[in-house]
Amino acid sequence: MVNLDPTLGSEIQKTRPCVIVSPNEINDNLRTVVIAPMTSTSRKYPTRVKVKHNCQEGWVVIDQIRTIDKIRIVKSLVRLQKRKYANVNVSFEKRSLTKGHLLTRLAKELKFW
C-alpha cells in the first residue's frame, strides 16, 4: 500500500496498492522506487492491465507510472505472480513505456506494495 497524496489534477490519489516496476538494482540503492498504481474500477483503456489478486479483480494503471520516495510505502503486501506480471510486461512493450534490459528486469522483480 502506497500513500499517493498529495496529488494534482487527474493524478490517481489516496492510499492504494501499487506495483513496483523499478528493478532491484535501483530499489536497493536509491531512496525512490518507480510504481504503477492499481485501481479496482476502470474502463478498458489500452494502458490498463487487468489482474486478479486476493480474489479481487483490479487494474494496474501503467499510464500513471511515477517515482515515489520509499517513505510513501505504508505496507508491504505480496509479490505479483509470474502469470500476472507477464501481462504488465506485454503492456509495457505494446505502449513503448519502457524498453529492453529494464523491461526484462522489471518482469523478474515486480512486487505489490
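From a predicted model like this one, the values you see are computed outputs, not experimental measurements.

Counting secondary structure elements, the protein chain contains 3 helices and 8 strands. Reading the protein chain from its N end, one meets helices and strands in the order β-β-β-α-β-β-β-β-α-α-β. Residue burial in the protein chain is summarised as follows: out of 113 residues, 42% are buried. Residue pairs in contact within the protein chain that sit at least 24 positions apart in sequence constitute 57% of those at least 6 positions apart. In the structure as shown, the protein chain presents an accessible area of about 6,900 Å², 51% of it carried by carbon and sulfur atoms.

Quick look at the confidence of the model for the protein chain now. With 68% of its residues at a pLDDT of at least 70, the protein chain reaches an overall mean of 77. Predicted confidence is poor over residues 95-100, with pLDDT under 50, and the contacts of this stretch with residues over four places away or in other chains come to 8 contacts.

Our next topic: the nonpolar core. Burial of nonpolar side chains together is a common tendency in soluble globular proteins. Formed by Val2, Leu4, Ile12, Cys18, Ile20, Val33, Ile35, Val61 and Ile68, the largest nonpolar core amounts to 9 residues. Elements supplying a minimum of two residues to this core: strand 3 (18-20) and strand 4 (32-39). Residues within four places of Val33 in sequence aside, it is in contact with Ile20, Ser22, Asn27, Arg66, Thr67, Ile68, Lys70 and Ile73. Membership of the second largest hydrophobic core comes to 8 residues, among which are Val19, Val21, Val49 and Ile62.

This paragraph deals with the pairing of strand 4. Across the 8 residues of strand 4, 6 count as buried, placing the element largely inside the fold. Looking at chain direction, strand 3 and strand 4 are connected through 3 bridges and run antiparallel. Note that in strand 4 the partner of Cys18 across the bridge is Pro37. Examined bridge by bridge, strand 4 and strand 7 (residues 66-69) share 4 bridges and lie antiparallel to one another.

This part is about the pattern of salt bridges. Here the idea is simple: oppositely charged side chains can pair when their charged atoms come close. Summed over the entire model, instances satisfying the criterion amount to 2 salt bridges. Between Arg48 and Asp63 there is a salt bridge, with the nearest N and O atoms lying 2.7 Å from each other. Taken as a pair, Arg48 in strand 5 (residues 48-53) and Asp63 in the loop between strand 6 (56-61) and strand 7 lie far apart in primary sequence, 15 residues in all. Arg48 gets classed as buried once you look at its relative accessible area, which sits at 18%. A salt bridge links Lys50 to Glu57; its shortest N-O distance comes to 3.4 Å.

Rules behind the numbers
Along each chain, the written sequence defines residue order, and numbers are assigned to residues from 1. Side-chain atom pairs in this predicted model are given and counted only at pLDDT of 80 or more, local residue features only at pLDDT of at least 70, and totals for whole chains, interfaces and linings cover all residues. With hydrogens and water stripped out, all remaining heavy atoms of the structure feed into the side-chain values. Counting from the N terminus, the helices are DSSP H or I runs at least four residues long and the strands are E runs at least two residues long. Between buried and exposed lies partly exposed: a residue is buried under 20% and exposed over 50% of the maximum accessible area for its type, with that area taken using a 1.4 Å probe on protein chains only. We call two residues in contact whenever any of their non-hydrogen atoms come within 4.5 Å of each other. Note that accessible areas follow from Shrake-Rupley with a 1.4 Å probe, and for residues the cover is restricted to the protein chains shown. Each residue gets a pLDDT score, which is the predictor's confidence in that residue and runs from 0 to 100. What makes a nonpolar core is a set of buried Ala, Val, Leu, Ile, Met, Phe, Trp, Tyr and Cys residues whose side-chain atoms join them at distances within 4.5 Å. If DSSP finds at least two bridges between two strands, the strands pair. We define a salt bridge as a contact between a side-chain nitrogen of Lys or Arg and a carboxyl oxygen of Asp or Glu at a distance within 4 Å.

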